[in-house]
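Architecture at a glance
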Amino acid sequence: MIGALGRRIAGLVATLLAASFVIFAAVYAAPGDPAVFLAGGRDKLTPERLATVREQYHLDEPLVVQYGRWLWDCAHLDLGRSFQYSDQVTDLLGARFPTTLALVGYATVLFVVLGVGAGILAAVRRGTWVDSAVVGGTTLAASVPSFVGGIALVALFGVELGWFPVTGGGEGFAGTLHHLTLPAVAMALGALAVISRVTRQAMVDAGTAEHVAVARAAGLPEREIIRRHVLRNALGPIVTMCGLVTAGMLAGTVAIETVFGISGIGSLLVGAINSHDFPVAQAVLLLMVTSYIVVTTVVDLAHPLLDPRLKSMRSPA
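Cut-offs used in this document
Residues numbered from 1 in each chain as written. Predicted model: local features only at pLDDT ≥ 70, side-chain atom pairs only at ≥ 80, totals over all residues. Heavy atoms only, no water. Helix = DSSP H or I, 4+ residues; strand = E, 2+ residues; numbered from the N terminus. Buried < 20%, exposed > 50% of the residue type's maximum accessible area, 1.4 Å probe, protein only. Contact = heavy atoms within 4.5 Å. Areas by Shrake-Rupley, 256 points an atom, 1.4 Å probe, with all protein chains shown as cover. Core = buried A, V, L, I, M, F, W, Y, C linked by side-chain atoms within 4.5 Å. Polar contact = N/O pair within 3.5 Å; in protein donor to acceptor, adjacent residues only side chain to side chain. Expected span 1.5 Å × (residues − 1). Arc of directions from axis to C-beta. Phe/Tyr/Trp six-rings, centres within 6.5 Å; stacked < 30°, edge-to-face > 60°. Axes fitted to C-alpha atoms, helices over the stretch in contact; angles between N-to-C directions. Parallel < 35°, antiparallel > 145°, perpendicular 65-115°, else oblique. Left-handed = near helix turned anticlockwise from the far one by under 90°. Nonpolar A, V, L, I, M, F, W, Y, C, P; charged D, E, K, R; others polar. pLDDT = per-residue confidence, 0-100.

**With respect to the overall build of the protein chain**
Looking only at helices and strands, the protein chain has 14 helices and 0 strands in total. The order of α-helices and β-strands along the protein chain, N terminus first, is α-α-α-α-α-α-α-α-α-α-α-α-α-α. Within the protein chain, buried positions represent 36% of all 317 residues. Of the contacts formed within the protein chain by residues at least 6 apart in sequence, a portion of 69% connects residues at least 24 apart. When the accessible surface of the protein chain is totalled, it reaches about 17,300 Å², and 66% of it is carbon and sulfur.

Following this line, the structure appears as structure tokens:
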């Protein structure tokens, strides 16, 4: 087990290093010269001024050297200073990330509770109109892009009915919950469809096991069979998919935050790209990728704990 954990950690570090280099190189390969932006634009820009700016910000060094310097600073939690705001990037992320985290957490609660519940209901009522309604409803939800659903929710519940605010993240627990309800619902719709499908199929597969048939033959109540024998054995794929979807949400808040005018890291990334604010864009992308890799690794490590069959398969004979 210790060896497997060590290999996982080594793989995580290697993946992060590879991802960080791709992020650094891709941002600097994008159109636009950061030295021109730092110098204040092309108006009255002399070659001497441009050379001075390049030397000041180490932009005249080879890409590998710049990457090594940036990686060393990142390891010491120094993400640089924003070109646009002239603030430390860590301060910008610290101010924006809690809002994004609250949005993703809210959406996760919604799609886990509703998606798993709908999947269990469809599996228990398989072949009935309830199953057909759940499958049809989740298919419709999955076919609507999140930003389209967000615009529809804003038009109906924000503008027409006036039940929810359409911009901002709110203040305090109640205010944040009120402001983030519509964007959380918009984010959760597609995820809800995926989780309900996975839950339904996992429940159906677990229900065909021999020990379930034995439990029914022994006369155990159906509710007890579903809870202790079917759902327990189906938890592995359900939890894994919930973790993967949540990790994807951490890297996919850009559209929702833009639609609802939320000051999170997604909107910060859009602004950084539009203004060629390279340190901010690199930091946000690195944070998104790191969050995804860490969450998926934790889910993968927790999977054998949820499914004893996998644990026994990985253990030496």
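**Here we look at the nonpolar core**
Counting 36 residues, the largest nonpolar core has Leu103, Phe111, Met187, Val230, Met249 and Phe260 as the members making the most contacts within it. Only helix 5 (89-124), helix 7 (146-160), helix 8 (172-207), helix 9 (210-217), helix 10 (222-250) and helix 11 (254-260) provide two or more residues apiece to this core. The element best represented in this core is helix 8, accounting for 13 residues. Sequence-distant contacts of phenylalanine 111, defined by excluding residues within four places in its chain, comprise Val116, Ala188, Ala191, Leu192, Ile195, Cys242, Val245, Thr246 and Met249. Counting 19 residues, the second-largest nonpolar core is a separate cluster that includes Phe24, Leu79, Ile265 and Met288.

**Focus: unusual backbone geometry**
Even without being glycine, leucine 77 reaches a positive phi, approximately 60°. Relative to the helices and strands, leucine 77 is located in the loop between helix 4 (63-75) and helix 5. In this structure leucine 77 comes out as exposed when scored by relative accessible area, which is 69%.

**Quick look at the environment of leucine 244**
Relative to the helices and strands, leucine 244 resides in helix 10. With 53 residues separating them in the primary sequence, leucine 244 and threonine 297 have C-alpha atoms 9.7 Å apart. Setting aside its immediate chain neighbours within four residues, leucine 244 contacts Tyr292 and Thr296.

**As for the side chain of serine 196**
Looking at the element boundaries, serine 196 is found in helix 8. A distance of 2.9 Å separates a polar side-chain atom of serine 196 from the backbone oxygen of alanine 193. Sequence-distant contacts of serine 196, that is, excluding residues within four places in its chain, are made with Gly115, Ala118, Gly119 and Thr138.

**Structural notes on helix 6 (residues 129-143)**
Its 15 residues place the ends of helix 6 21 Å apart at the C-alpha level, agreeing with the 21 Å of an ideal helix rising 1.5 Å per residue. Residues of helix 6 that are buried: Val130, Asp131, Val134, Thr138 and Ala141. Each buried residue of helix 6 sits inside an arc of 100° when the element is viewed along its axis, so together they form one side. For helix 6, exposure combined with an orientation more than 90 degrees from the buried face picks out Trp129, Ser132, Leu140 and Ser143.

**Here we look at the packing of aromatic side chains**
A full pass over the atoms with the stated rule returns 4 aromatic pairs. Residues phenylalanine 24 and tryptophan 70 carry aromatic rings whose centres are separated by 5.3 Å and whose planes lie at 35° to one another, so their mutual orientation is tilted. A residue pair is termed long-range when its members are at least 10 positions apart, and phenylalanine 24 in helix 1 (residues 2-29) and tryptophan 70 in helix 4 qualify at 46 residues. Summarising the burial analysis for this pair, phenylalanine 24 and tryptophan 70 share the class buried. Taken together, the aromatic side chains of Phe21, Phe24, Tyr67 and Trp70 make up a single cluster linked through ring pairs.

**Digging into the packing of helix 8 against helix 10**
It is the contact of helix 8 with helix 10, at a shortest axis distance of 8 Å, that shows an interaxial angle of 150°. In terms of orientation, helix 8 lies roughly antiparallel with respect to helix 10. Crossing handedness for the pair helix 8 and helix 10: right-handed. Across from Met187, Ala188, Ala191, Val194, Ile195, Val198, Thr199, Ala202, Met203, Ala206 and Gly207 in helix 8, the residues of helix 10 making contact are Ile226, Val230, Leu231, Asn233, Ala234, Pro237, Ile238, Met241, Cys242, Val245 and Met249. For the contact of helix 8 with helix 10, the per-class residue count stands at 19 nonpolar, 3 polar and no charged.

**Looking at the packing of helix 7 against helix 8**
Helix 8 packs onto helix 7 with a crossing angle of 145° between their chain directions and a minimal axis gap of 8 Å. Crossing handedness for the pair helix 7 and helix 8: right-handed. Of helix 8, the residues touching helix 7 (which contributes Ser146, Gly149, Gly150, Leu153, Phe157 and Gly158) are Leu182, Val185 and Ala186. Looking at the contact of helix 7 with helix 8 residue by residue, the class counts come to 5 nonpolar, 4 polar and no charged.

**Let's talk about the environment of leucine 63**
For leucine 63, the location among the structural elements is in helix 4. Placed 39 residues apart in sequence, leucine 63 and phenylalanine 24 show a C-alpha to C-alpha distance of 9.0 Å.

**Digging into the confidence of the model for the protein chain**
On average, residues of the protein chain carry a pLDDT of 78, and 87% of them reach 70 or more. Mean pLDDT in the protein chain bottoms out at helix 14 (residues 308-314), which sits at 51, and peaks at helix 5, which reaches 87. A low-confidence stretch, residues 312-317 stays under pLDDT 50, and its non-local contacts, those more than four residues away or across chains, total 2 contacts.

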